[in-house]
Amino acid sequence: MSPNPTRAREPILNLPAVITLCLLALIGIHAARLLLSEESDFMLIIDWSVIPARWSVAFGSLQVEDVMRALREGVPEDTITPLMALAQYVLEGQEGRPWTALSYAFLHGSWAHVLINSVWLAAFGTPIVRRCGAGRFFVLSAAAAVAGAIVYAAMNPLQVLPMIGASGAVSGLMAAASWFMFAPASWHWEGRLTQPHERPRETLAHMVRNRQVLIFLGIWFAANYVFAFVQPLGLTDASIAWEAHLGGFFAGLLLFPLVDPLPARAKRISA
């Protein structure tokens, strides 16, 4: 036997298979769109993105005239702006397209957009999959994406520009992971310290007293504010749908205890 046995090589990226498939899907869809003509890509975005005004007319109390009236404010008569033309096209037929509450999450505005979301998906989706399994991961991601779309549409009912991106779903995974990622380490029955995804879920009382959780949430909210309203150094090539981020975040925060297969951290019992 060799005195220095060869150690097995650890993979650089040890991602669960389902996360790898999700990343390939997001990146592959964006790459495939580069093969489309501008007209075909435009039609794809319009058909599969969230457009709040479309939902407001189809499922709400707004009429097409209400949307057009808002777009005409401050515009000279007999002038049709690009937004007005887009609204006329999008609202024609008054179709709601409810499936866009999920499909928008598979589309992105640029390579930077899809790559940033992919990095965060890998970082926070991985512990969720390892803890809950693929099925519950998909349920949580879908719920966060839908919640993000609904909150964005509710807060921007007259918006005719499309909203796309997986940020709502990713925000939900980040919130879900915050329940256990910063929990105190404990000893596993195998005689080792537990990995973050193996730790008992924090209670709300523990979370609000956990400095790491508060710092993490503070940085997250601050980053959303900066990129949504300040947009420093031109780092973003489009406006940030912070409403979708909030909707997805709170959906993940509220729903995770319902899908978590592990029990919450035990409360201390005082004598």
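Residues numbered from 1 in each chain as written. Predicted model: local features only at pLDDT ≥ 70, side-chain atom pairs only at ≥ 80, totals over all residues. Heavy atoms only, no water.

- Per an unreviewed UniProt entry, the recorded name for the protein is Rhomboid family intramembrane serine protease, and the organism is Microvirga splendida.
- A UniProt comment under Subcellular location (unreviewed entry) is attached to the protein, and it reads "Membrane". (UniProt positions renumbered as here; feature names shortened; annotations may be inferred.)

**Re the side chain of Ser118**
Thinking step 1. Within the secondary structure, Ser118 is located in helix H7 (residues 111-132).
Thinking step 2. The class for Ser118 is buried, based on a relative accessible area of 7%.
Thinking step 3. In this structure, Ser118 is in contact with Leu23, Leu26 and Ile27, ignoring residues within four places of it in sequence. (Helix = DSSP H or I, 4+ residues; strand = E, 2+ residues; numbered from the N terminus. Buried < 20%, exposed > 50% of the residue type's maximum accessible area, 1.4 Å probe, protein only. Contact = heavy atoms within 4.5 Å.)

**Focus: the UniProt feature "transmembrane region" (unreviewed entry) in the protein**
Thinking step 1. Cross-referencing UniProt, the feature "transmembrane region" (unreviewed entry) maps to residues 12-32, 101-125, 137-155, 161-182, 213-234 and 240-259 in the present numbering.
Thinking step 2. Helix makes up 50% of residues 161-182 and strand 0%. Its end C-alpha atoms lie 38 Å apart.
Thinking step 3. Secondary structure content for residues 240-259 is 90% helix and 0% strand, and the end C-alpha separation is 29 Å.

**Quick notes on the layout of surface pockets**
Where empty space is left becomes clear once a probe the size of a water molecule has been rolled over the atoms.
Thinking step 1. There is about 280 Å³ of room inside the second largest pocket.
Thinking step 2. Around the second largest pocket, the lining is made up of 16 residues, and of these Cys22, Phe106, Phe138, Ser141 and Ala169 lie nearest the centre.
Thinking step 3. Of all the elements, helix H8 (residues 134-155) adds the most residues to the lining of the second largest pocket, at five residues.
Thinking step 4. Taken together, the residues of the lining of the second largest pocket break down into 15 nonpolar, one polar and no charged. (1 Å grid on protein atoms, 1.4 Å probe; cavity = no way out; pocket = protein on both sides within 12 Å on 5 of 7 lines; lining within 4 Å. Points joined across faces, edges and corners; volume = space filled by probe spheres on them. Nonpolar A, V, L, I, M, F, W, Y, C, P; charged D, E, K, R; others polar.)

**Focus on a nonpolar patch on the surface**
Thinking step 1. On the surface, a nonpolar cluster with roughly 500 Å² of combined accessible area is contributed by Phe221, Phe250, Leu254, Leu255 and Leu258.
Thinking step 2. Counting residues per element, the nonpolar patch draws most heavily on helix H12 (residues 242-259), at four residues.
Thinking step 3. For Leu254, the location among the structural elements is in helix H12. (Patch = residues over 30% accessible without salt bridge, like charges linked within 9 Å, V, L, I, M, F, W, Y side chains within 5 Å. Areas by Shrake-Rupley, 256 points an atom, 1.4 Å probe, with all protein chains shown as cover. Salt bridge = Lys/Arg side-chain N within 4 Å of Asp/Glu carboxyl O.)

**A short note on the packing of helix H1 (residues 17-33) against H8**
Thinking step 1. Contact geometry of H1 with H8 gives a least axis separation of 10 Å together with a crossing angle of 40°. Judged by the angle between their axes, H1 and H8 are oblique. Between H1 and H8, the residues in contact are Val18, Ile19 and Cys22 and Ala134, Phe137 and Phe138, respectively.
Thinking step 2. Per-class residue counts for the contact of H1 with H8 are six nonpolar, no polar and no charged. (Axes fitted to C-alpha atoms, helices over the stretch in contact; angles between N-to-C directions. Parallel < 35°, antiparallel > 145°, perpendicular 65-115°, else oblique.)

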